[in-house]
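Spelled out from the first residue to the last, the chains are:
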Amino acid sequence: MSMEVIENGAVVEQTATPMKDAVVAELQNVTKRYGTQTALNGLSLKLRRGEIVALLGENGAGKTTAVRLLLGLIAPNAGKVRVLGSDPRETRVRIHMGAMLQVGRVPGTIRVREHLDLFRSYYPHPLAYKEVVELAQLGGIEEKFFDDLSGGQKQRLLFALALCGDPELVFLDEPTVGLDVQARRGLWQNIRNQADRGKTVLLTTHYLEEADALADRIVVIHRGSLLAEGTPAEIKKQAAGRRIRCQTRLNPEIVRLIPGVVSVEEDRGALTIRASVKGAEAIVSELLRRDATLTGLEITGAGLDDAFLALTSNDNRSN
């Protein structure tokens, strides 16, 4: 396998397969301001070859700014941005990146095949047409106009366009928004295939189940700064608790007062209770003592959504 790497402003072709843990892109203590508003505040982030990284954060946390910096669309006020060892604003670097962005729009009266041919023409060494079709599972719809595609097919085409240049680094911004379960899981497999091919994927998503299923590593940012980083399992451990779901006659406000209860939510006639690390068993005993008619009892480990809420709420309380 050969690959172009930027070193000291020159393109160097490497014939050996790059190391799995090689750093493909990074933000080095980056600060970015828009007027008086600070979008990123000293953020550092490394993306390594062959991994899928999920970048999570609330709206306004700085995710879009981080992606735009890595794409070379904007420059930082302080710190450094490096992709393949150089400035991502250079054309020779950009041809090694692909992006599937929510703001992306393509003409609806052009056929799938024509879109692929057009995008492939933008790159000096594009991925073979048949390979793009196979990777994005577009077989059988190549002669359809974009406007005639289903939601899932449109997302697969936009995904394919991000792959046309055979990029080393792929940015996916909410890639499965609006898709049904089957289409979403199909696109998940396509994304995993990219990592299996040694590509690096940066994923931004509001579907925490998606991040849990796909990511090798999760980075949580809050108010422009790094809040947490680790594998999905490591992030979930930071929630440090369990989830109890049941149907009960007890008032949620009463349940919130039980020792060990972190939060209570009403959901379709049931209560979902987040318990502290050692509180689940005692909470269940207390619930049964107070309500002998309690039914539908389920106890599960903390999920990624629990960890995300715990992390961001704790940070909010500390400010």
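Structural data are supplied above this passage.
For the structure given in this document, a descriptive report is provided here. (Residues numbered from 1 in each chain as written. Predicted model: local features only at pLDDT ≥ 70, side-chain atom pairs only at ≥ 80, totals over all residues. Heavy atoms only, no water.)

## Points about the overall build of the protein
The helix and strand tally for the protein stands at 11 helices and 15 strands. Summarising its shape, the C-alpha atoms of the protein cover approximately 70 × 45 × 40 Å along the three principal directions. Every one of the 319 residues in the protein was classed for burial, and the buried ones make up 48%. The contacts of the protein with a sequence gap of at least 6 include a subset with a gap of at least 24, amounting to 66%. Accessible surface computed for the protein: about 15600 Å², of which carbon and sulfur atoms make up 48%. Seen as two clouds, the 41 positive and the 40 negative side-chain charges of the protein have centres 3 Å apart. (Helix = DSSP H or I, 4+ residues; strand = E, 2+ residues; numbered from the N terminus. Buried < 20%, exposed > 50% of the residue type's maximum accessible area, 1.4 Å probe, protein only. Contact = heavy atoms within 4.5 Å. Areas by Shrake-Rupley, 256 points an atom, 1.4 Å probe, with all protein chains shown as cover. Lys, Arg positive; Asp, Glu negative; His and termini not counted. Charge placed at Lys NZ, Arg CZ, Asp CG, Glu CD.)

## Examining helix H1 (residues 63-70)
Since the α-helix advances by 3.6 residues per turn, residues separated by three or four positions end up pointing in the same direction. Of all 8 residues in H1, 6 are buried, a share of seventy percent or more. Considered for burial, the residues of H1 that qualify are Lys 63, Thr 65, Ala 66, Val 67, Leu 69 and Leu 70. Where H1 ends, the next residue or the one after it, Gly 72, has phi of about 80°, a positive value.

## Overview of the environment of Arg 33
Tracing the sequence through the fold places Arg 33 in strand E3 (residues 23-34). Each C-alpha atom of the pair Arg 33 and Ala 78 lies 9.3 Å from the other, and the pair is 45 residues apart in sequence. Sequence-distant contacts of Arg 33, defined by excluding residues within four places in its chain, comprise Thr 38, Ala 39 and Asn 77.

## Topic: the packing of helix H5 (residues 151-163) against helix H6 (residues 181-196)
Closest axis-to-axis distance for the H5/H6 pair is 10 Å, and the angle between their directions is 10°. Viewed along their axes, H5 and H6 adopt a mutual orientation that is roughly parallel. The element H5 and its partner H6 pack so that their crossing is right-handed. Where H5 approaches H6, its residues Gly 152, Gln 155, Arg 156, Phe 159 and Leu 163 are matched on the opposing element by Ala 183, Leu 187, Asn 190, Ile 191 and Gln 194. (Axes fitted to C-alpha atoms, helices over the stretch in contact; angles between N-to-C directions. Parallel < 35°, antiparallel > 145°, perpendicular 65-115°, else oblique. Left-handed = near helix turned anticlockwise from the far one by under 90°.)

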